[in-house]
Amino acid sequence: MVDFALEGKIIKYSDKRLADDNFTYKDWSLGIYSKARNMMKSPQEIYKKESYQRDSLDVLLKKIDIYEDYKKVGKEKALIDFDDMIERAIKEVSFPPLKILIIDEAQDCTPLQWSVIYKLAQNARRIYLAGDDDQAIYEWNGADPRYFTHYFPGRKVKLRKTRRFGKAIHHLSQIIRREIFNSEEKEYTFLKQEGYIKHYLNFREIPFHTLAGSWYILGRINTTVNELRMLAKDAGLYFSDNEDIKCFDQHQWEAIKAWTHLSNKKTINKKQVEKMYKYIRELKDPKFRMRSFWNTESELEEYDFKKLTQYCGLDLSPTFQKKQWWHILKRNFTSQQVLYFLRLLKRYGQKELDNPPQIIIDTIHSVKGGEADHVVLYSKANYPSNFKTKSREEKTNEKKVWYTATTRARKTIHLLDTNYKYNYPIGGDYLIYVQER
């Protein structure tokens, strides 16, 4: 899609993010287009109701045309997106009879998705809908919790006890929930454990290494999540995002382990050598990095330092074998990456870095449905998510986001505040919590 956007002069060539292979371009206008489809309304109608309009209407419509043309480029191999799948399921799919149909997170379904649910329900003997209207945090994409709370017929059963957290977290979550004005009435009890809430102005004050268990470090938007990840790297924390992508380059890590094996007079296999060679400058010929050379080697072959220097192009004298990896792996390694790996290895050790991290850093929306022992909430925002400038209805929706965030925690919540001009006033909620405690 980026190529078509460039061709249509919608995205500037100077956008440095396009050079980042890991960057996913999330376009505002295409988000509005998706929202319109999910609400089963025209893009023009949805656009006019948006309080924040990043593009003009003409640009929005042009982007939609370019996007639809892009999907058709393959002709018989044309592309479809998730909204296309749902629309085609409504028109083309005949669903089989079902004994039981269960819809979880029902408050986050859009009118388009409800159309599929209604079609499924026609052939279902029994239907269960589960959800919480106070956690309806996808209304920005057209979700309408009223389908769950009012429109869908049936008997309502309200759960009266949470099995996740105790008194302190329950108290803070209810303070936030008080300002959700269109909420269904509900009261529930909590576990017989205290837990605690703490407030911070500095990331390094948070006791990551004294509290055992899993952690969520959550930001409201992607830019603040990136800021949190940089702070975590500066603090030497080992983490991933909610899709299990670790905080370091996995290929670099495999190269470090391969060289460590060699320096300890152990052998490594062909794949380990190939990965390691990408980060070593001292090769007799660049061909030893190429797949064509290694395709002739046996998959079962094992290599020690001597064999690599004699037969596989490694151009290092025997005195280098005992050197640490950061003296050898100097190709495609920045000084910041080396320093971060050294911090991680000193704090965690090699064995721990091969295991899934205990810390996940991501947006509040991304961890919806998840839970962790300890949760950090960062109050910094941008203009579209700034609490102070929102209408009453928008503030209710924002409160739902932060209510959802607080209820991810099992034991403790750590509120990281900011004095940045755009924010959610988490300090105010904490003050009420302290006064009422």
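Before going into details, it helps to say that this report is about the structure given with it. Just so it is clear, the model here is predicted, and its values are computed rather than measured.

**Overview of the sheet that holds strand 3 (residues 196–200)**
Moving on, step 1. Pairing is parallel in the open sheet, where six strands are placed in the order 3-10-9-4-8-5. On the outer flanks of this sheet lie strand 3 and strand 5 (239–240), each paired with one strand and no other.
Moving on, step 2. The pairing of strand 5 with strand 8 (residues 359–363) spans two bridges and is classified as parallel. Its bridge partner being in strand 8, phenylalanine 239 is matched across the sheet by isoleucine 359.
Moving on, step 3. With respect to the sheet, helix 9 (residues 222–234) is in contact with strand 4 (215–219), strand 5, strand 8, strand 9 (372–378) and strand 10 (409–416), its orientation differing from that of strand 8 by roughly 155°.

**Here's the deal with helix 9**
Moving on, step 1. In this model helix 9 runs 19 Å from its N-terminal to its C-terminal C-alpha over 13 residues, within 8% of the 18 Å that 1.5 Å per residue would give.
Moving on, step 2. Where helix 9 is concerned, the buried positions are Thr224, Val225, Leu228 and Ala232. Seen end-on, helix 9 carries its buried residues on one side only, within an arc spanning 105°.
Moving on, step 3. On its buried side, helix 9 packs onto strand 4, strand 5, strand 8, strand 9 and strand 10.
Moving on, step 4. At the C-terminal side of helix 9, glycine 236 shows a positive phi close to 75°.

**Description of the pairing of strand 9**
Moving on, step 1. In terms of burial, strand 9 is a largely internal element, seven of the seven residues being buried.
Moving on, step 2. Both strand 4 and strand 9 contribute to a ladder of four bridges, which runs parallel. Within strand 9, the residue paired with leucine 218 across the bridge is leucine 377.
Moving on, step 3. Pairing analysis gives six bridges linking strand 9 to strand 10, with the strands arranged parallel. The partner of leucine 377 across the bridge, within strand 10, is leucine 415.
Moving on, step 4. Tracing the backbone out of strand 9, into helix 17 (residues 392–406) and back to the parallel element strand 10 gives a crossover that is right-handed.

**Quick look at the side chain of aspartate 81**
Moving on, step 1. Mapping aspartate 81 onto the fold places it in the loop between helix 4 (57–72) and helix 5 (82–92).
Moving on, step 2. A distance of 2.8 Å separates polar atoms of two side chains, one belonging to aspartate 81 and the other to tyrosine 67.
Moving on, step 3. Among the polar contacts made by the side chain of aspartate 81, one reaches the main-chain amide nitrogen of aspartate 84 at a distance of 2.8 Å.

**Side note on the packing of aromatic side chains**
Moving on, step 1. Evaluation of the coordinates by the stated rule reveals 31 aromatic pairs.
Moving on, step 2. The interplanar angle of 90° and the centroid separation of 5.0 Å between the aromatic rings of phenylalanine 293 and tryptophan 294 together place this pair among those described as edge-to-face. Tryptophan 294 shares its class with phenylalanine 293; the two are buried.
Moving on, step 3. Members of the aromatic cluster, connected to one another through ring pairs, are Tyr238, Phe248, Trp253, Tyr279, Trp325, Trp326, Phe333, Phe341 and Tyr348.
Moving on, step 4. Across the ring face of tyrosine 303, the terminal group of lysine 307 is positioned such that the distance to the ring centre comes to 5.7 Å.
Moving on, step 5. The ring of phenylalanine 181 is capped by arginine 392, whose NZ or CZ atom sits 4.0 Å from the centre of that ring.

**Overview of the nonpolar core**
Moving on, step 1. Ranked by internal contacts, the top residues of the largest apolar core, which has 52 residues, are Phe203, Phe208, Met276, Tyr277, Leu308 and Leu329.
Moving on, step 2. Broken down by element, this core gets its largest block of residues, six residues, from helix 10 (residues 250–263).
Moving on, step 3. Residues within four places of leucine 329 in sequence aside, it is in contact with Ala255, Ile256, Met276, Tyr279 and Ile280.

**What to know about the pattern of salt bridges**
Moving on, step 1. Under the defined criterion, the tally for this structure stands at 35 salt bridges.
Moving on, step 2. The partner of arginine 37 in a salt bridge is aspartate 84, and the shortest N-O contact between them spans 2.4 Å. Residue arginine 37 is found in helix 2 (residues 28–39), and its partner aspartate 84 is found in helix 5; the two are separated by 47 residues along the sequence.
Moving on, step 3. Since its relative accessible area comes to 10%, arginine 37 is described here as buried.
Moving on, step 4. With its nearest N and O atoms 2.9 Å apart, the salt bridge here joins lysine 368 to aspartate 108. Of this pair, lysine 368 sits in the loop between strand 8 and strand 9 while aspartate 108 is found in the loop between strand 1 (98–103) and helix 6 (111–121), placing the two residues 260 residues apart along the sequence. Note on accessibility: lysine 368 and aspartate 108 belong to one class, buried.
Moving on, step 5. In this structure, a network of salt bridges that share partners links the residues Arg37, Glu68, Lys71, Asp81, Asp84 and Glu87.

**Observations regarding unusual backbone geometry**
Moving on, step 1. A positive phi angle, near 50°, is found at glutamate 105, a position not held by glycine.
Moving on, step 2. Summarising the element assignment, glutamate 105 is placed in the loop between strand 1 and helix 6.
Moving on, step 3. Relative accessible area serves as the criterion here: at 27%, glutamate 105 is assigned to the partly exposed category.
Moving on, step 4. Here the phi dihedral of aspartate 244 falls at roughly 70°; this positive angle occurs in a residue that is not glycine.
Moving on, step 5. When its relative accessible area of 64% is taken as the criterion, aspartate 244 is described as exposed.

**Description of the side chain of serine 263**
Moving on, step 1. Turning to its location among the elements, serine 263 is positioned in helix 10.
Moving on, step 2. In this structure the side chain of serine 263 is engaged in a polar contact, spanning 2.9 Å, whose partner is the backbone oxygen of threonine 260.

Definitions and limits used
Residues numbered from 1 in each chain as written. Predicted model: local features only at pLDDT ≥ 70, side-chain atom pairs only at ≥ 80, totals over all residues. Heavy atoms only, no water. Pairing = 2+ DSSP bridges. Helix = DSSP H or I, 4+ residues; strand = E, 2+ residues; numbered from the N terminus. Contact = heavy atoms within 4.5 Å. Axes fitted to C-alpha atoms, helices over the stretch in contact; angles between N-to-C directions. Expected span 1.5 Å × (residues − 1). Buried < 20%, exposed > 50% of the residue type's maximum accessible area, 1.4 Å probe, protein only. Arc of directions from axis to C-beta. Right-handed = clockwise from strand over helix to strand, strands pointing away. Polar contact = N/O pair within 3.5 Å; in protein donor to acceptor, adjacent residues only side chain to side chain. Phe/Tyr/Trp six-rings, centres within 6.5 Å; stacked < 30°, edge-to-face > 60°. Lys NZ or Arg CZ within 6 Å of the ring centre and 35° of its normal. Core = buried A, V, L, I, M, F, W, Y, C linked by side-chain atoms within 4.5 Å. Salt bridge = Lys/Arg side-chain N within 4 Å of Asp/Glu carboxyl O.

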